[in-house]
Amino acid sequence: MATYKCFSCNKVINEAQIKKRVRCLYCGSKIIFKQRTTSTNVKAR
Ligand SMILES: [Zn+2]
């Protein structure tokens, strides 16, 4: 399952939650981007 992350409040939202409306559930922002949880190759130290 894909997850989305809000640019405004940094909340992670599941794909099923925003299936109908692409908006943040917490702040109502439409600026969210898709986040892949499969690839954990990014080194963020
Ligand atoms: Zn938000």
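Residues numbered from 1 in each chain as written. Predicted model: local features only at pLDDT ≥ 70, side-chain atom pairs only at ≥ 80, totals over all residues.

In this section: the overall build of the protein. When you go through the protein residue by residue, the secondary structure sums to zero helices and three strands. In sequence order, the secondary structure elements of the protein are arranged as β-β-β. In the protein, which comprises 45 residues, the proportion classed as buried is 7%. Of the contacts formed within the protein by residues at least 6 apart in sequence, a portion of 30% connects residues at least 24 apart. (Helix = DSSP H or I, 4+ residues; strand = E, 2+ residues; numbered from the N terminus. Buried ≥ 20, exposed ≤ 12 C-beta atoms within 10 Å, placed from the backbone. Contact = placed C-beta atoms within 7 Å.)

A word on the sheet that holds strand E2 (residues 12-14). The strands making up a sheet are joined through hydrogen bonds of the backbone, oriented either antiparallel or parallel. Across the sheet, which stays open at both edges, the three strands sit in the order E2-E1-E3 with antiparallel pairing between neighbours. Two strands bound the open sheet, and with one partner strand each, they are E2 and strand E3 (32-35). Strand-to-strand twist of the sheet, defined as the mean angle between neighbouring strand axes without regard to direction, takes the value 35 degrees. Sheet analysis places strand E1 (residues 3-6) next to E2, joined by three bridges and oriented antiparallel. Looking at the pairing, Lys5 lines up with Val12 of E2. (Pairing = 2+ DSSP bridges. Axes fitted to C-alpha atoms, helices over the stretch in contact; angles between N-to-C directions.)

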